[in-house]
Amino acid sequence: MEEASEIGLPEAFLDFLKENGVDPSIYTTDDSTPRYIRLKPGSVSEAQVQQLEAEFKSKLEKVGWLPNFYSLPPQIHIANSMAYKEGKIYGIDAASGAAVAALNVFEGDHVLDLCAAPGAKLCMMLDLIGNSGSVTGVDVARHRLAACRTMIQKYALGDRCRLFVADGTTFSLIPVMEHSDSKSGGEFASKGKVDVFKEWTSKRPWKERKNAKKAREGIGSQLVPGIQDPELIFYGRHSGVIGLSRTELYKIACDSEVLKCGYDKVLVDAECTHDGSIRHIQKFDHWGWETLERRVLDAERTDSLTVLQFRLLSNGFRLLKVGGSLVYSTCSLTAAQNEDVVEQFLRENASAELQEIDAATSWPCKSGGIPKTLRFDPLTSQTSGLFVAKFTKLAS
């Protein structure tokens, strides 16, 4: 391990890394860890890849173990490129792409992304479901989920997506199947229904916007969080929402119904201390290292995070159908936020079983502290740090 003076990290953070068995030398790799992009399938030809290389003045290196991913030198910025502006490429770390790949999403799957912001993994899953199935994105932060909405619209991926501002630890809505009413683009016969969802538009009537604002203000004033309806801020034409009444959309399924009609796949990329992300940690050079001590090193915050992570994992698993798959991931490298959460969850859920991630045989990662779990880190993987565990739900 390198000396603290060589790495330039404060002693308190180095002590935190030592306590958690994390090698501080990973924080010296920022200049060598590539930037990654994913090409939207079918949108970029081989000739256009060469045009991108000319625009970036750098070669795009294909990531052999992850389809449609390419790496670039870390100093390259993609936001000004025509391919980015036209919605043909987006930035996503390869480790994050691996977490999605571990889910093994197929066309027709109904997928839940329980911590959806900032949206790159959401886009990748929407690409993977193709022309059937759905993806439900949930996030507790409205402004961050609004950014997800902008992203899926930019990449023309919103047709089978619905987005809810909600607490991921209490979200309880299962997927809805597409029905005939949704196929007519809003010009359907409601047959006795009143106040049904029509085709989504950003230009909502003044009365609807006023009611939504009033509902949000009411949520903010509640003493007990998590008991209000989730706020639907986007739904695609084939997401199953059009033609439903509010009562139908917000109907809570019983446990036996969830076992049969819950989500096929669930991703829980949980909130964490982000200590596995070199670029995130280096931002504290500008924010001030005292901010890091408050956000990362504070024991009370870390304890509250592990409780949150366990609750997110538990709720995501509750919404999974029997035989379905759930991936739990964090960009922390600490055992407390990863293996410890997984072990507690397995102890308390007899129907949960860890699964091998078959594709990982070719991935540049290490085994986690529990068999069948994985760890990416900048030194081993040339990616950001990430922990990944995959579960399946057994029949009771």
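Residues numbered from 1 in each chain as written. Predicted model: local features only at pLDDT ≥ 70, side-chain atom pairs only at ≥ 80, totals over all residues. Heavy atoms only, no water.

## A short note on the packing of helix α6 (residues 120-129) against helix α7 (residues 142-154)
Alright, step 1. Between α6 and α7, the shortest axis-to-axis distance is 9 Å and the interhelical angle comes to 40°. Put simply, α6 runs oblique to α7. Here α6 and α7 pass one another in a crossing that is right-handed. Mapping the contact onto sequence places Ala120, Leu122, Cys123 and Leu126 in α6 and Cys148, Met151 and Ile152 in α7.
Alright, step 2. Here the residues of the contact of α6 with α7 are counted per class, giving seven nonpolar, no polar and no charged. (Axes fitted to C-alpha atoms, helices over the stretch in contact; angles between N-to-C directions. Helix = DSSP H or I, 4+ residues; strand = E, 2+ residues; numbered from the N terminus. Parallel < 35°, antiparallel > 145°, perpendicular 65-115°, else oblique. Left-handed = near helix turned anticlockwise from the far one by under 90°. Contact = heavy atoms within 4.5 Å. Nonpolar A, V, L, I, M, F, W, Y, C, P; charged D, E, K, R; others polar.)

## A few points about the environment of Phe13
Alright, step 1. Along the polypeptide, Phe13 turns up in helix α2 (residues 11-19).
Alright, step 2. Between the C-alpha atom of Phe13 and that of Asp275, which follows or precedes it by 262 residues, the distance is 9.7 Å.
Alright, step 3. When sequence neighbours within four positions are dropped, the list of residues in contact with Phe13 reads Tyr27, Ile281, Leu292, Val296 and Leu297.

## Some words on unusual backbone geometry
Alright, step 1. That bond from Ala117 to Pro118 is cis: its omega, 10°, falls within 30 degrees of zero.
Alright, step 2. Inspection of the secondary structure puts Pro118 in the loop between β5 (110-113) and α6.
Alright, step 3. Look at Ala156: it is not a glycine, yet its phi comes out positive at around 50°.
Alright, step 4. For Ala156, the position within the fold is in the loop between α7 and β7 (161-165).
Alright, step 5. The phi dihedral of His274 falls on the positive side, at around 60°, and the residue is not glycine.
Alright, step 6. Looking at the element boundaries, His274 is found in the loop between β9 (263-269) and α11 (278-282).
Alright, step 7. Residue classification places His274 among the partly exposed residues on the basis of a relative accessible area of 23%. (Buried < 20%, exposed > 50% of the residue type's maximum accessible area, 1.4 Å probe, protein only.)

## A closer look at the sheet that holds strand β2 (residues 61-62)
Alright, step 1. In spatial order, the strands read β2-β3-β1-β4; together these four strands make up an open sheet with antiparallel pairing. On the outer flanks of this sheet lie β2 and β4 (89-91), each paired with one strand and no other.
Alright, step 2. Sheet analysis places strand β1 (residues 35-39) next to strand β3 (residues 69-72), joined by four bridges and oriented antiparallel. Looking at β3, one finds that Tyr36 is bridged to Ser71. (Pairing = 2+ DSSP bridges.)

## Concerning the confidence of the model for the protein
Alright, step 1. Predicted confidence across the protein gives a mean pLDDT of 86, with 86% of residues reaching 70 or more.
Alright, step 2. Note on residues 180-190: pLDDT is under 50 here. Beyond four places in sequence and across chains, it has 19 contacts. (pLDDT = per-residue confidence, 0-100.)

## Details of the nonpolar core
Alright, step 1. Counting residues in each nonpolar core, the largest one holds 49 residues, and the members touching the most others are Leu122, Leu163, Trp363, Phe376 and Val388.
Alright, step 2. The set of elements that each furnish at least two residues to this core consists of α5 (94-103), α6, α7, β7, β8 (231-235), β13 (374-376) and β14 (386-393).
Alright, step 3. Ignoring sequence-local partners within four residues, the contact set of Leu163 consists of Leu122, Gly137, Leu145, Cys148, Arg149, Ile152, Glu231, Leu232, Ile233 and Phe234.
Alright, step 4. By size, the runner-up hydrophobic cluster in this structure holds 41 residues, among which are Leu114, Ala166, Val342 and Ala389. (Core = buried A, V, L, I, M, F, W, Y, C linked by side-chain atoms within 4.5 Å.)

## Focus on the side chain of Asp139
Alright, step 1. Structurally, the position occupied by Asp139 is in strand β6 (residues 134-139).
Alright, step 2. For the buried Asp139, no salt bridge is present, and the opposite-charge side chain at shortest range is Arg144, 4.2 Å distant. (Lys, Arg positive; Asp, Glu negative; His and termini not counted. Salt bridge = Lys/Arg side-chain N within 4 Å of Asp/Glu carboxyl O.)

## Overview of the state of the cysteines
Disulfides are covalent bonds that connect the sulfur atoms of two cysteines.
Alright, step 1. All chains considered together, the criterion is met by zero disulfides.
Alright, step 2. Of all cysteine sulfurs, the one in Cys272 lies closest to Cys331, which takes part in no disulfide; the gap is 3.4 Å.
Alright, step 3. Overall, Cys331 belongs to the buried group, its relative accessible area being 16%. (Disulfide = S-S within 2.5 Å.)

## Digging into the side chain of Ser71
Alright, step 1. The topology assignment puts Ser71 in strand β3.
Alright, step 2. Relative accessible area serves as the criterion here: at 13%, Ser71 is assigned to the buried category.
Alright, step 3. Residue contacts for Ser71: discarding those within four places in its chain leaves Pro34, Arg35, Tyr36, Lys59, Leu60, Glu61 and Val63.

## Quick notes on the packing of aromatic side chains
Alright, step 1. In total, this model carries eleven aromatic pairs according to the counting rule given.
Alright, step 2. Geometrically, the ring pair formed by Tyr90 and Tyr155 is edge-to-face, given 5.2 Å between the ring centres and 70° between the ring planes. With Tyr90 in strand β4 and Tyr155 in the loop between α7 and β7, this residue pair connects regions lying 65 residues apart in the sequence. Each member of the pair Tyr90 and Tyr155 is classed as buried.
Alright, step 3. Through pairs of rings, three or more aromatic residues link up here, namely Trp65, Trp363 and Phe376.
Alright, step 4. Directly above the aromatic system of Tyr84 lies the positively charged group of Lys154, at a separation of 3.3 Å from the ring centroid. (Phe/Tyr/Trp six-rings, centres within 6.5 Å; stacked < 30°, edge-to-face > 60°. Lys NZ or Arg CZ within 6 Å of the ring centre and 35° of its normal.)

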